[in-house]
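Here's the letter readout for the chains.
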Amino acid sequence: MAARVLYLGDTSLLGAAAYLAGVMRHMDWTFDYIPSHVLAGADLFDLPHSLYVLSDYPANRLAHELQHRLLRHVEAGAGLLMIGGWESYRGCGGDWQDTAVAAALPVQIAASDDRVNCDQPTLVRCVADHPTVAGLPWDSRPPCIGGFNRFRPNPEGQVVLEIQRFEASRAGTEVHFKPVDSDPLLVVGQWGRGRTAALATDAAPHWVGGMVDWGPGRVTAHAPGADPIEVGNLYVQFFEQLLRWCGGDGA
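Here the structure is a predicted model, which means the values were calculated and not measured.

How each quantity is defined
- Residues numbered from 1 in each chain as written.
- Predicted model: local features only at pLDDT ≥ 70, side-chain atom pairs only at ≥ 80, totals over all residues.
- Heavy atoms only, no water.
- Helix = DSSP H or I, 4+ residues; strand = E, 2+ residues; numbered from the N terminus.
- Rg over C-alpha atoms; globule rule 2.2 N^0.38 Å.
- Buried < 20%, exposed > 50% of the residue type's maximum accessible area, 1.4 Å probe, protein only.
- Areas by Shrake-Rupley, 256 points an atom, 1.4 Å probe, with all protein chains shown as cover.
- Lys, Arg positive; Asp, Glu negative; His and termini not counted.
- Charge placed at Lys NZ, Arg CZ, Asp CG, Glu CD.
- Contact = heavy atoms within 4.5 Å.
- Pairing = 2+ DSSP bridges.
- Axes fitted to C-alpha atoms, helices over the stretch in contact; angles between N-to-C directions.
- Phe/Tyr/Trp six-rings, centres within 6.5 Å; stacked < 30°, edge-to-face > 60°.
- Lys NZ or Arg CZ within 6 Å of the ring centre and 35° of its normal.
- Right-handed = clockwise from strand over helix to strand, strands pointing away.

S.K.: Explain the overall build of the chain residue by residue, including any values.
M.R.: A count of helical and extended segments in the chain gives four helices and 14 strands. For a compact globule of 251 residues, the expected C-alpha radius of gyration is about 18 Å, and the chain comes in at 17 Å, within 12% of that figure. Counting only C-alpha atoms, the chain reaches 65 × 40 × 35 Å along its principal axes. When burial is assessed residue by residue, the chain has 54% of its 251 residues classed as buried. Carbon and sulfur atoms form 51% of the exposed surface of the chain, whose accessible area is close to 10,700 Å². For the chain, the distance from the average site of its 18 positive side-chain charges to the average site of its 28 negative ones is 1 Å.

S.K.: Which residues make up the environment of Trp86, and what values go with them?
M.R.: Residue placement: Trp86 occurs in the loop between strand 4 (79-83) and helix 3 (100-104). Note: C-alpha distance between Trp86 and Trp207 (121 residues apart in sequence) is 9.3 Å. Setting aside its immediate chain neighbours within four residues, Trp86 contacts Asp56, Gly91, Cys92, Gly93, Gly94, Arg115, Asn117, His206 and Trp207.

S.K.: Go over the sheet that holds strand 10 (residues 158-171) with me, naming the residues and quoting the values.
M.R.: Spatial strand order, 2-1-3-4-12-11-10-7: eight strands in an open sheet with mixed pairing. The open sheet is flanked by strand 2 (30-34) and strand 7 (122-126), the only strands paired with a single partner. Along the sheet, successive strands turn relative to each other by an average axial angle of 20°, direction set aside. Bridge analysis of strand 7 against strand 10 gives five bridges, and the strand direction is antiparallel. When the sheet's bridge partners are listed, Cys126 is paired in strand 10 with Leu161. Of the strands in this sheet, strand 3 (51-55), strand 4, strand 10, strand 11 (174-191) and strand 12 (194-199) touch helix 4 (residues 233-246), which is tilted by about 145° from strand 12.

S.K.: Describe the packing of aromatic side chains, and please don't skip the residues or the numbers.
M.R.: Following the criterion strictly, the structure yields eight aromatic pairs and no others. Put simply, the rings of Trp138, Trp214, Tyr235, Phe238 and Phe239 pair up and form one aromatic cluster. The ring of Trp86 has Arg115 sitting right over it, with the charged end atom 4.5 Å from the ring centre.

S.K.: Which residues make up the pairing of strand 1 (residues 4-9), and what values go with them?
M.R.: Burial within strand 1 is extensive, with five of its six residues counted as buried. As defined by bridge partners, strand 1 adjoins strand 2 across five bridges and the pair is classed as parallel. Paired with Tyr7 across the two strands is Tyr33, which belongs to strand 2. The handedness of the strand 1 to strand 2 crossover, carried by helix 1 (residues 17-27), is right-handed. Note: strand 1 against strand 3, five bridges, orientation parallel. Bridging from a neighbouring strand, Val5 pairs with Leu51 of strand 3.

Here it is as structure tokens:
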């Protein structure tokens, strides 16, 4: 049976939200959607959802009581995924630190602005075997991203992907890449019976960077009410696997 997702944020379906919505359409999953500027209504939490996705959705749009209702669903077996962005985690107006939802995520959210914008090469590195990253060419064809929220994993969280930043310079015809620092990109965990995950970068431009075109093939998708998208086939595979695992579909 196809999962049903409650997807909050990423501006609108005629903007950034078209990307993740398109992936879910490609998966034949259904979703209820709330734009970033709209307060979530209590009636949404009366509906059965197997996964809750928060991406560029400020904490003040989700009332304290509704956060606790969401977490009761997660404790009972639904999934919870936060995706990075300027209004995710601490960000610039995300302000999820010290909230009920933050306590359920497998990471520690910073108390101050956690945004990192990358103007130099920033590659993704796989550091653990996990269903979310299985079968993807992390070593032979690592994707690059353009920005992320910097967080720390909780002791019980498992770091699956890391961000490796480089300083690039040119000397004549030679280009040099010097490794600088690394940060967690994908951390997974558990809250009650539900699976949780924190992805530091975005699913949509600009922070997703070149990862949106990752892969030799192209995938087109058009979710109802959304702009159409054309993206890389490995980008789609990664987000499908991430959504399926969080939603309880998979080992």
